[in-house]
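A look at the structure
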Amino acid sequence: MADSKRLESAYTWTAVTVNTILPTCRGVYIGITGDYDFSTDASTWVKFTSCQAGSVLPLNASAARANSGGGAPATGAIVFLY
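Notes on the structure follow.

Reading across from one edge, β1-β7-β2-β5 is the order of the four strands in this open sheet, with antiparallel pairing throughout. Both edges of this open sheet fall to β1 (13-15) and β5 (56-57), since each of them pairs with a single strand only. Bridging between β1 and strand β7 (residues 78-81) involves three bridges; their strand directions are antiparallel. If you follow Thr14 over to β7, its bridge partner there is Phe80.

Right under this line is the structure:
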């Protein structure tokens, strides 16, 4: 049987407002357009540029930060979907 490629809705979520490791998410909602860094272990970061508000990134991330200086994202900028 082939792997399913269907998209399922999130059953819970959390806004990322601190620089800490969170449980690994199933997707990332972008609430404010900007450049953001994502990580699975908070030691290796990948920069995503020009993330558009209202988009959902299919990432399994456990940490996120604002790219300009590596600080915590603004409230509502990044929401982890579970």
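Still to come is the rest of the account.
Once that is clear, we can look at the pattern of salt bridges. In this structure the tally under the stated criterion is one salt bridge. For Asp37, the salt bridge is made with Arg65, and the minimal N-O distance between the two is 2.9 Å. Remark: Arg65 occurs in strand β6 (residues 63-66) and Asp37 occurs in strand β3 (residues 34-39); sequence separation between them is 28 residues. Judged by relative accessible area, which is 5%, Asp37 ranks as buried. For Arg65, a relative accessible area of 23% corresponds to the partly exposed category.

Turning our eyes to something else, we now look at the sheet that holds strand β4 (residues 46-51). Spatially, the three strands line up as an open sheet ordered β4-β3-β6, and their pairing is antiparallel. Two strands in the sheet have a free side with no partner beyond their single neighbour: β4 and β6. Neighbour-to-neighbour, the strand axes of the sheet open up by a mean angle of 30°, direction not taken into account.

Here the focus is the packing of aromatic side chains. Here the structure, examined in full by the defined rule, presents one aromatic pair. Their ring planes at 80° and their centres at 5.5 Å tell us that Phe38 and Phe48 sit as a pair that is edge-to-face. Taken together, the residues span a long stretch of sequence, with Phe38 in strand β3 and Phe48 in strand β4 at a distance of 10 residues. Judged by its relative accessible area of 4%, Phe38 is buried. For the cation-ring pair, Arg65 lies above Trp45, with the distance from its terminal atom to the ring centre recorded as 4.0 Å.

Rules used in this analysis
- Residues numbered from 1 in each chain as written.
- Predicted model: local features only at pLDDT ≥ 70, side-chain atom pairs only at ≥ 80, totals over all residues.
- Heavy atoms only, no water.
- Pairing = 2+ DSSP bridges.
- Helix = DSSP H or I, 4+ residues; strand = E, 2+ residues; numbered from the N terminus.
- Salt bridge = Lys/Arg side-chain N within 4 Å of Asp/Glu carboxyl O.
- Buried < 20%, exposed > 50% of the residue type's maximum accessible area, 1.4 Å probe, protein only.
- Axes fitted to C-alpha atoms, helices over the stretch in contact; angles between N-to-C directions.
- Phe/Tyr/Trp six-rings, centres within 6.5 Å; stacked < 30°, edge-to-face > 60°.
- Lys NZ or Arg CZ within 6 Å of the ring centre and 35° of its normal.

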